[in-house]
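Observations on chain architecture
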Amino acid sequence: MKKIKFFIFSSVMVLFFACDSTELDLLVDPDSLSPENADIGQVFNATQLGLADFFEVASTPTMDLTRMTNMSSGNAYANAYLPDDFNTIWEVAYATFLADVSVLKQISTDDENPNMLAVAQTMEAYVIITLADLFGDIPYSQALQQGENFNPERDSDESIYIAARDLLLSARGNYDEDALPLINDLYYNNDISKWERLTNSLLLKIAVNSRLANPAQSTSDVQGLLNQNLIENSSDDFEFEWSTNVSSPASRHPKFASAYDAPTPTGFQSNNYMWLLQNDKDDIDEDIVDPRIRYYFYRKTLETPTSTNQVGCLGSDPFSHYVLVGEAYPFCTAGNGYVGRDHGNNGPILSDGAVRTIYGLYPVGGKFDDNSASQISMNSGAAGAGISPIMTSSFVEFMRAEAQLTLLNNPAAARSNLENGIRESIADVTGTFDSSLIDSDFAPTGAEIDAYVNAALQLYDNASGTDNKLNVIIKEYYFALFGNGIETFNNYRRTGKPENLQPSINSSPGTFFNLLWYPTNHTSFNNNADPRPNLSEKAFWAENTSFNLNF
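This report concerns the structure included in the present document. For clarity, every value in this text was computed on a predicted model and none was experimentally measured.

On a plain count of helices and strands, the protein chain comes out with 16 helices and eight strands. Overall, the protein chain is about 65 × 50 × 50 Å in size when its C-alpha atoms are taken along their principal axes. The 551 residues of the protein chain split such that 58% are buried. Split by element, the accessible area of the protein chain, about 19600 Å² in all, is 45% carbon and sulfur. Across the protein chain, 32 positive and 71 negative side-chain charges occur, with their mean positions spaced 6 Å apart.

Position of T445 relative to the elements: it lies in the loop between α12 (411-431) and α13 (446-462). T445 sits 154 residues away from P291 along the chain, and the two C-alpha atoms are 8.6 Å apart.

Take the nonpolar core next. Considering soluble globular proteins, one finds that nonpolar side chains tend to be buried as a cluster. Within the largest apolar cluster, 152 residues are counted, with the highest numbers of intra-cluster contacts made by F135, Y187, W195 and F513. In terms of residues, this core owes the most to one element, helix α4 (residues 114-135), which gives 14 residues. Y329, F331, C332 and I505 belong to the second-largest nonpolar core, a separate cluster that totals nine residues.

Counted under the stated rule, the structure contains 38 aromatic pairs. Geometrically, the ring pair formed by Y187 and W195 is edge-to-face, given 6.2 Å between the ring centres and 75° between the ring planes. The same class applies to Y187 as to W195, namely buried. Seen in terms of ring centroids, Y492 and F512 are 5.4 Å apart; in terms of plane orientation they differ by 80°. Their pairing is edge-to-face. Of the two residues, Y492 sits in helix α15 (residues 485-495) while F512 sits in the loop between α15 and α16 (520-523), which places them 20 residues apart along the sequence. Residue Y492 shares its accessibility class with F512, and that shared class is buried.

Next up on the list: the state of the cysteines. A full pass over the atoms with the stated rule returns one disulfide. Through a disulfide, C313 is tied to C332; the S-S separation comes to 2.0 Å. Since a negative S-S torsion denotes a left-handed disulfide, the C313-C332 link at about 100° is right-handed. Placement of C313 in the loop between β4 (297-298) and β5 (323-324) and of C332 in the loop between β6 (327-328) and β7 (358-359) is noted, with a sequence separation of 19 residues between them.

Turning our eyes to something else, we now look at unusual backbone geometry. A cis amide bond links S248 to the next residue, P249, at an omega of 0°. When you line up the elements, P249 lands in the loop between β3 (238-241) and α8 (254-260). Of note, the amide linkage connecting Y362 to P363 takes the cis form, showing an omega dihedral of 0°. Assignment of secondary structure puts P363 in the loop between β7 and β8 (387-391). Look at N189: it is not a glycine, yet its phi comes out positive at around 50°. By the element assignment, N189 lies in the loop between α5 (157-174) and α6 (192-209). Positioned with a positive phi, C332 is a non-glycine residue whose angle comes to about 80°. For C332, a relative accessible area of 6% translates into the label buried.

Definitions and limits used
- Residues numbered from 1 in each chain as written.
- Predicted model: local features only at pLDDT ≥ 70, side-chain atom pairs only at ≥ 80, totals over all residues.
- Heavy atoms only, no water.
- Helix = DSSP H or I, 4+ residues; strand = E, 2+ residues; numbered from the N terminus.
- Buried < 20%, exposed > 50% of the residue type's maximum accessible area, 1.4 Å probe, protein only.
- Areas by Shrake-Rupley, 256 points an atom, 1.4 Å probe, with all protein chains shown as cover.
- Lys, Arg positive; Asp, Glu negative; His and termini not counted.
- Charge placed at Lys NZ, Arg CZ, Asp CG, Glu CD.
- Core = buried A, V, L, I, M, F, W, Y, C linked by side-chain atoms within 4.5 Å.
- Phe/Tyr/Trp six-rings, centres within 6.5 Å; stacked < 30°, edge-to-face > 60°.
- Disulfide = S-S within 2.5 Å.

From the geometry alone we can't say anything about function, so treat these as descriptive.
See the structure below:
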């Protein structure tokens, strides 16, 4: 792996969506440290771990909803997830991360440590805008008051964006190369310049994501940010790195265990995503396959299974609504041994452990697909020493591309950023892990990578108008985002792209999750917190959209 520094576990990851708490709105953790008795290194460590936990639990349902992984919990959106399913996201955010970062900011101020304060502000900004993106209005200005208010009212999601932007601008002013260094920095090894790049990149994210609601502000911000230091290459990537420890402390990538610890994995991969990685460039050249597919997925069979005891839909006709401009969507499997499920397939678990496709080497630290199609164990591949890709150089390039195309009306510059984003993603995916884990006979060649990139650029060139060119950009961003559901969920609701994703197996699945249900542990213990009545309410930055996601 390109950089492994620390192997530390945060116990909340074992909870995922199963946790249910009875603390009053989970805004004060009785076990949390106060500024008076806390060590700054200890609090910084806890805050960094909390951020990684938050990213992972927030990425799980958002990957499912956007067909990056399979939504197998229901075939109608309203019951695919229930309010209880989002309890852990809320708990990790409020009782763990935000409680700790509040203490970290206070200690940093008291100790006159501007760098630590800037880093705390940057991490806080990331978490609160993500909460606003997921849930809309959230408690913030009245929350985390050390037990003074157990019923905080919600702030509007637009005001959360303003608060996050202010935090990031303040952080930019606080960075000081000559001030006290960071202590035990798990992300950037105490390199302040890289934190500054992250801060600027998050400001770009805010500008791009809110461009429909605030086009003038977004345009002005983008114009200024393109001249700032942003995340430029893989050494700047904001990623959390897991280890191989099974216990004492347990610190493997949380999605690794779900796929490798038992003969039958937990969850399914998405037929739609695996099919697109194989077939998206067919209009240019049917032999072009995404160079990342063997890193993303590990197949346990190289052929489509034949037993309905393993894959129940085999032999069935595709659903009548699975028709796309004269062509069929993927149905039942994705072909070539890629065995997942269709969107919304919540059928019974069959005896498919021997054939079900699982996570591969990137990003969870599993096994590279070398055509061995063998059974796996907890020691396979990188044994769980994966990464959480929170914000990378390729993501920034795709945001640049969208901004250049939609805000600055510069499709040529957008094309350049598109190419950079694709190449940086492929380089990151193929270069993150030690070469000993990769069979060079199946690794993509330079010519294959060039063919893929050139095909994507040809699709961009062939696309007429801004909207069609944006679809190419967002689709390539989608392919680069495997492991990060947060950005995919935002892109999908902001742009309606990638277009023509596989429908749910239910021809009338109801309203898509424009925002997630408010968690039960928020609405049950806060007198000012009403449940969300339906799924139609949109984030402020998506209110001007009219495309249909209800399929």
